[in-house]
Amino acid sequence: QIGSNANNLTEFELRSSLIWTYSEDYTLSLLSFATLGDQRQFGLLQGDQQLGPTLSGSFGNGIGWTVGTLFGLSENAPDQDLRVWFSKKF
């Protein structure tokens, strides 16, 4: 973080995924995100916990896409996050 509102603490997050190759063209994943807090308040129950599925594929020419959603598992987390990613291999 930079700027006048920067936080000097180190924040931790746990991310995990289970990936299933559905076919040569598509993969299905289950993503998990958990905010673990900072060095003053560290722990699994300190922040947001989210879990949700994604579907990924390719347009060709090294351009990929991913769509999915995350559902909030903890009181602090949003009820649902919709996500869309585009990627390019170089």
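Residues numbered from 1 in each chain as written. Predicted model: local features only at pLDDT ≥ 70, side-chain atom pairs only at ≥ 80, totals over all residues. Heavy atoms only, no water.

Draft legend 1. Representation of the environment of Ser 23 within the structure. With respect to the helices and strands, Ser 23 occurs in the loop between β1 (11-21) and β2 (27-38). Judged by relative accessible area, which is 27%, Ser 23 ranks as partly exposed. C-alpha of Ser 23 to C-alpha of Gly 57: the two residues are 34 residues apart in sequence and 9.7 Å apart in space. (Helix = DSSP H or I, 4+ residues; strand = E, 2+ residues; numbered from the N terminus. Buried < 20%, exposed > 50% of the residue type's maximum accessible area, 1.4 Å probe, protein only.)

Draft legend 2. Representation of the pattern of salt bridges within the structure. Tallied over the full model, the rule gives one salt bridge. Salt-bridge contacts for Glu 13 lead to Arg 15; the nearest nitrogen and oxygen are separated by 2.4 Å. (Salt bridge = Lys/Arg side-chain N within 4 Å of Asp/Glu carboxyl O.)

Draft legend 3. A nonpolar patch on the surface, seen in detail. The grouping of Trp 20, Tyr 22, Tyr 26, Leu 28, Leu 55, Phe 59, Ile 63, Val 67, Val 84 and Phe 86 at the surface amounts to a nonpolar patch, some 1000 Å² of accessible area in total. The set of elements that each furnish at least two residues to the nonpolar patch consists of β3 (49-60), β4 (63-72) and β5 (80-88). Note that Ile 63 resides in strand β4. (Patch = residues over 30% accessible without salt bridge, like charges linked within 9 Å, V, L, I, M, F, W, Y side chains within 5 Å. Areas by Shrake-Rupley, 256 points an atom, 1.4 Å probe, with all protein chains shown as cover.)

Draft legend 4. Structural context of the packing of aromatic side chains. The full count for this structure, using the stated rule, is three aromatic pairs. The positively charged end of Arg 83 is found above the aromatic ring belonging to Phe 33, 4.9 Å away from the centroid. (Phe/Tyr/Trp six-rings, centres within 6.5 Å; stacked < 30°, edge-to-face > 60°. Lys NZ or Arg CZ within 6 Å of the ring centre and 35° of its normal.)

Draft legend 5. View of unusual backbone geometry. Unusually for a residue other than glycine, Asn 61 sits at a positive phi of about 55°. Here Asn 61 is to be found in the loop between β3 and β4. A relative accessible area of 71% places Asn 61 in the exposed class.

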